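# Tertiary structure, described
What follows is each chain in one-letter form.
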Amino acid sequence: MPGRMTARAKGSADDSVATNARPATHSADQRAGTHPDAPAGEYAALLRALPYPAALIHQRANMIEILAQNEEFSQFFEEVEGAQPAIERRANRQFDWRERAEAMFQSHRPSDRFEMEFQGQLGTRVYGCSLSWVEGNGISESLLLLAATDRTSERKAESTLRKELLTDSLTSLPNRTGFVEQMEFQLDSPKGDVQRSHYAVIALDLVRFSRINESLGAMAGDELIITVARRVKSVLRAGDILARIGGNEFAIFSHVGHGLSEVLQIAERIRKVFESPIRLSTYLISVEVAVGCALGQETEGDAENLLRQAQAAVKRAKRSGALEVYRAHVLREALKRFTVENRLREAIETGTLELAFQPLINLQDESVKGFEALARWNDPVLGQVSPTEFIPVAEESGLIVPLGRWALCECTQTLANWDRRHGEQLPITMNVNLSPVQMVRDNVPRAVEEALRYSGIDGKRLTIELTESALISDPDKTRQLLAALQAMHVTVAMDDFGTGFSNLASLQALPIDVLKIDRSFVKDMIGDKDKVALIRAIISLAGALGMKTTAEGIEEKAMAAQLADLGCHFGQGYFFAKPLTSAEAYDYWVARNRETRI
Ligand code: C2E
Ligand code: MG
Ligand code: MG
């Protein structure tokens, strides 16, 4: 133990006790407590007059020594020296008084009060201790008076009372206060195990319990509660805490490494345990339990809050009849969505959205085939928001219509600007994404026609990227739209192919020109024979249907090479370039065009 000093053997003439040593015996002289330096008998008389254990302490050569002590202290000393630390250590409870005395000698603070708690031969013992300086003691060095008062019975009574206050007398389970306290203890104690850092509070509510109480009487009601508690307890795991938090409400605290799936298992076990009715004297009562739960993680919220959330969930469970889960992030997400929607509306109105352009490369000759326009939003409040976050919000709120129109106009306009800058028409195309929601809500052929007309761009140079879900939602409308686009010579590409439910055969009937193989296939293709076989199949089927293929998410040279070998026409990915600003994209084309020409 740091700061604890080694025993120092003292001559028999010296009465003081090097307290770090455990003296084999305590002589009567030592108990009388005289010291060669001290005015004889003065302290002994003073200490003897005190009705509780008391001793004078000094520090010599870094050793804490007892200079004089009374009879009561000798007994106390022996008891402490033979004791073990208390099983459960509490704040401001001390096992070794020497540590506190040492600290006093170092800090010279005026006084100190603390409690000592230890496992003596008679069980847990608690002493209230005080340390204070003895002024004008007639000797040159500083002396401390240590006084200890036995508080064991007081504390025992307190602890019994506390236990009663925290326990439900009917079931002997913790009550609401006790439950929260135990939860707090669990949440505060370090786990060191990631699995254990997830926890759940499962709240149970006995439906129609008051009716049983009314019709069969309070005694029967009590019996029912006891049986329910016993049954629930029988299906819990070691370490789970069950409590009765209200008249007909129970709660369980449980560490759940696997989150919700583990909660579902616990809920299922509870449901099963109530499949058989409960016998109360001559009645058989079917008990219905509503179950609600709240999941938490180490860093989130407090115990009381988690319990309230579980109770809110159980309230809903009573109405729905199913297990309800309170998810804190549901509310947070709703709020975030609301903010995103409002800020996005403003961004569209004030024209602060931007487009980034990612090159599409011809894998066979490495020339730049064109660019895909991707929306970018840097909000002054929210920062850079990803399209994977704001596009769904835009779709849900209808903002996708003005956003999609803007993207169409902006990308064709950019292409026209590049042409102007180059002095002649660039041999490249522009891809733009079209949301299925816009297909339903907007007059897309008209929007496309306008964008082409305003920019003066030929329909041949524009590619509209659709997703599979667009084809499924309204096949008739899709067919009409595709026909209209075909009439304007606009190319149609199927984006993220392979992630939806459509099959190649269903695409056969539609005028689709390009299949974009989703990044999820391309990502781990190197060394994965199954993935490669799948990509090969898509490419050959697409070829049979007269479609070209583009591979998304090419991040390595080896992928580009293998895809080219497989006969894939175009590629896109970080290996070639990340999405670029308009100026960067133009420069990219210029540089690349020079290279491929050479
Ligand atoms: P998408 O149309 O499939 O676009 C490709 C996405 O993959 C882009 O993400 C691009 O940055 C990313 N990407 C490209 N190469 C790589 C690569 O090598 N590795 C990885 N990890 N990612 C790569 P982004 O820009 O975040 O866009 C996400 C999606 O949001 C787009 O997927 C598209 O569906 C949608 N989106 C973006 N802009 C618009 C728009 O103007 N209108 C509509 N309706 N949707 C848009
Ligand atoms: Mg796309
Ligand atoms: Mg895609």
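Structure report, in brief. (Residues numbered from 1 in each chain as written. Chains lettered and ligands numbered in written order. Predicted model: local features only at pLDDT ≥ 70, side-chain atom pairs only at ≥ 80, totals over all residues. Heavy atoms only, no water.)

## Some remarks on empty space enclosed by the protein
Enumeration according to the criterion identifies 2 cavities of 30 Å³ or more in this entry. Computed from the structure, the largest cavity encloses a volume of approximately 70 Å³. Lining the largest cavity, in full, are L360, K369, N431, T463, A493, V514, K516, T550 and F570. Its residues assigned to classes, the lining of the largest cavity comprises 4 nonpolar, 3 polar and 2 charged. (1 Å grid on protein atoms, 1.4 Å probe; cavity = no way out; pocket = protein on both sides within 12 Å on 5 of 7 lines; lining within 4 Å. Points joined across faces, edges and corners; volume = space filled by probe spheres on them. Nonpolar A, V, L, I, M, F, W, Y, C, P; charged D, E, K, R; others polar.)

## Let's talk about the packing of helix α7 (residues 209-216) against helix α8 (residues 218-234)
One can describe the packing of α7 onto α8 by two numbers: an axis separation of 6 Å at closest approach and a directional angle of 140 degrees. In terms of their interaxial angle, α7 and α8 are classed as oblique. Between α7 and α8, the residues in contact are F209, I212, N213 and L216 and A218, A220, G221, L224 and I225, respectively. Of the residues in the contact of α7 with α8, the class split is 7 nonpolar, 2 polar and no charged. (Axes fitted to C-alpha atoms, helices over the stretch in contact; angles between N-to-C directions. Helix = DSSP H or I, 4+ residues; strand = E, 2+ residues; numbered from the N terminus. Parallel < 35°, antiparallel > 145°, perpendicular 65-115°, else oblique. Contact = heavy atoms within 4.5 Å.)

## Some remarks on the coordination of the magnesium ion (ligand 3)
Distances from the magnesium ion (ligand 3) to its protein donors, namely D495 (OD), D496 (OD) and E552 (OE), fall within the range 1.9 to 2.3 Å. Along the chain, the residues donating to the magnesium ion (ligand 3) fall in the pattern D-D-x55-E. Between the two metal centres, the magnesium ion (ligand 3) and the magnesium ion (ligand 2), the spacing is 4.1 Å, with D495 acting as a shared donor. Placement of the pair is D495 in strand β21 (residues 491-497) and E552 in the loop between β23 (548-551) and α21 (557-566), with a sequence separation of 57 residues. Considered together, D495 and E552 belong to a single accessibility category, that of buried residues. (Donors = N, O, S within 2.8 Å, 3.2 Å for Na, K, Ca; no water. Buried < 20%, exposed > 50% of the residue type's maximum accessible area, 1.4 Å probe, protein only.)

## Digging into unusual backbone geometry
The backbone of S172 shows a phi angle near 65 degrees, a positive value even though the residue is not glycine. Its location among the elements puts S172 in the loop between α5 (152-166) and α6 (176-188). Non-glycine residue E366 carries a positive phi angle of around 65 degrees. Assignment of secondary structure puts E366 in the loop between β16 (354-362) and β17 (368-379).

## A few points about the nonpolar core
Within the largest apolar cluster, 82 residues are counted, with the highest numbers of intra-cluster contacts made by F371, W418, V448 and I464. Here this core takes 9 residues from helix α13 (residues 400-422), the largest share from any one element. Contact partners of V448, with chain neighbours within four places excluded, come to L408, L462, I464, L485, M488 and V490. (Core = buried A, V, L, I, M, F, W, Y, C linked by side-chain atoms within 4.5 Å.)

## Digging into the coordination of the magnesium ion (ligand 2)
The protein atoms donating to the magnesium ion (ligand 2) are E372 (OE), N433 (OD1), E465 (OE) and D495 (OD), with metal-donor distances spanning 2.0 to 2.2 Å. Here the donor residues of the magnesium ion (ligand 2) share one chain and are spaced in sequence as E-x60-N-x31-E-x29-D.

## So, the state of the cysteines
Taken as a whole, this structure holds 0 disulfides when the rule is applied. Among the cysteines around C409, which has no disulfide bond, C411 carries the closest sulfur, lying 8.4 Å off. Under the relative-accessibility criterion, C409 is labelled partly exposed at 33%. (Disulfide = S-S within 2.5 Å.)

## Observations regarding the environment of A542
Structurally, A542 can be placed in helix α20 (residues 529-544). By relative accessible area, A542 is classed as buried at 0%. Considering only alpha carbons, one finds A542 and L515, 27 residues apart in sequence, at a separation of 7.2 Å. Excluding anything up to four places from it in sequence, A542 contacts L515, M547 and T549.

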